[in-house]
Amino acid sequence: MRTGQEGVVRNGRNHTREEAFLPPSRGRAGEAVIVRAPTEDRNPDTHDIDRLPTLEILRRINAEDATVPAAVGEALTELAQAVEMGVAALEGGAAIHYFGAGTSGRIAAQDAAELPPTYGVPPEWVVAHHAGGAASLAQAVEGIEDDWGTGRADAADVAPGSLVVGLTASGRTPYVGGALETARERSASTVLISANPRAPLAAGVDVHVGMDTGAEVIAGSTRMKAGTAQKLALNAFSTAVMVRMGRTYSNLMVGVDAGNGKLRGRVVTILSQATGLDEDACARSLSESGGDTRVALISLLAGVGPAAAVGALAGARGRVREALADLGVPGQV
């Protein structure tokens, strides 16, 4: 069987990939699509899974899960290219957009939602679009992922210079394809993250992060290894973008939005770890800096007041290390 190819079953015969992707508005929605992708194959190591005791079922699942990081590792070169594109989009004043359906869309929504409180960035920096909207995040809406036109419509407001990241395990989801098509028309960069090295949509994107996770424990259940791979890849992507954008100092989160007591305590710990000063001094500096972690950090390390720290940070495009260098403070570990 060839992987990565698919066709529409219509009137008893297979049709081509191009026909499979005709927009639903042309009257071909609802027809069966046979997906030829590694995730759809039967896994020879789990043929007997329904006859096994519970512990052995879990061992088989765990053994398959253990193969995922290596599959992601094989795609790091492409993922690095995607990160550079994301940084370029943000530095150019545009945004990063995720598009996905089902598990892929939910992973995208989770990743985007956690970036503002973790790194103190505006929610407009990374925006997730899920097929079917917010209602489909909590409950599956069948068929919406097959709507190419909806993907196009959801991407209609993507600004030129943005980065659009499509997530689909099979690499063929029409909703994602429609979004990527519109993104290209609007002069946005495009990335596809899939679990299919021969993904049909890959031909139309700038970078394809194709991770070969192979056959699932349960054939076609892409919320398993394929979903894990997409989460690993997307977490790595967004974390690397945040690091490159200066939203960390060393391996510390210095853009944390301290919106509750636990997070305020975490910020004080971060300041103490970064400076070696006691927690009381760090807490005072944080208060004097209006709760801004980066301003407090620069104030403590450079021995300047909050106003000078704010000015240095603005001149350094929000990057702590650059601000410290401008203030004559040598690099810190």
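This text goes with the structure placed above it.
Below or above, wherever it landed, is the structure these notes cover. Predicted model, so just to flag it, every value in this text is computed and none were measured.

As a further point, take the packing of aromatic side chains. Enumeration over the complete set of coordinates arrives at two aromatic pairs. Just above the ring of Tyr-249 sits the side chain of Arg-321; from NZ or CZ to the centre is 4.6 Å.

Turning next to the environment of Tyr-175. As for its placement among the helices and strands, Tyr-175 is situated in helix α8 (residues 174-185). For Tyr-175, a relative accessible area of 0% puts it in the buried group. Along the backbone, Tyr-175 and Gly-151 are 24 residues apart, and their C-alpha atoms lie at a distance of 4.4 Å. Setting aside its immediate chain neighbours within four residues, Tyr-175 contacts Phe-99, Gly-100, His-129, His-130, Ala-131, Ile-144, Glu-145, Asp-147, Trp-148, Thr-150, Gly-151 and Asp-154.

The next point concerns the environment of Ile-270. Turning to its location among the elements, Ile-270 is positioned in helix α10 (residues 261-275). Residues Ile-270 and Cys-282, spaced twelve residues apart in sequence, show a C-alpha to C-alpha distance of 9.0 Å. Ignoring sequence-local partners within four residues, the contact set of Ile-270 consists of Leu-252, Met-253, Val-254 and Val-256.

Moving on: the pattern of salt bridges. Any two side chains of opposite charge can pair if their charged atoms end up close together. Overall, the coordinates contain eleven salt bridges when judged by the stated rule. Taking the shortest distance from any N to any O, the salt bridge between Arg-319 and Glu-91 comes out at 2.9 Å. A residue pair is termed long-range when its members are at least 10 positions apart, and Arg-319 in the loop between α13 (306-315) and α14 (320-326) and Glu-91 in helix α4 (residues 76-91) qualify at 228 residues. Look at Glu-91 and you get partly exposed, because its relative accessible area is 44%.

Here we come to the environment of Glu-322. Looking at the element boundaries, Glu-322 is found in helix α14. Residue Glu-322 is classed as partly exposed on the basis of its relative accessible area of 30%. As for Glu-322 and Ala-312, which are separated by ten residues in sequence, their C-alpha atoms are 8.4 Å apart. Leaving out residues up to four positions away in the same chain, Glu-322 has contacts with Ala-316 and Arg-317.

As a further point, take unusual backbone geometry. Backbone geometry at Ser-187 places phi at a positive 60°, although glycine is not the residue there. Of note, Ser-187 is situated in the loop between α8 and β7 (189-194). For Ser-187, a relative accessible area of 53% translates into the label exposed. For Arg-317, which is not glycine, the phi dihedral falls at a positive 55°.

Here is what the cut-offs are and how they apply
Residues numbered from 1 in each chain as written. Predicted model: local features only at pLDDT ≥ 70, side-chain atom pairs only at ≥ 80, totals over all residues. Heavy atoms only, no water. Phe/Tyr/Trp six-rings, centres within 6.5 Å; stacked < 30°, edge-to-face > 60°. Lys NZ or Arg CZ within 6 Å of the ring centre and 35° of its normal. Helix = DSSP H or I, 4+ residues; strand = E, 2+ residues; numbered from the N terminus. Buried < 20%, exposed > 50% of the residue type's maximum accessible area, 1.4 Å probe, protein only. Contact = heavy atoms within 4.5 Å. Salt bridge = Lys/Arg side-chain N within 4 Å of Asp/Glu carboxyl O.

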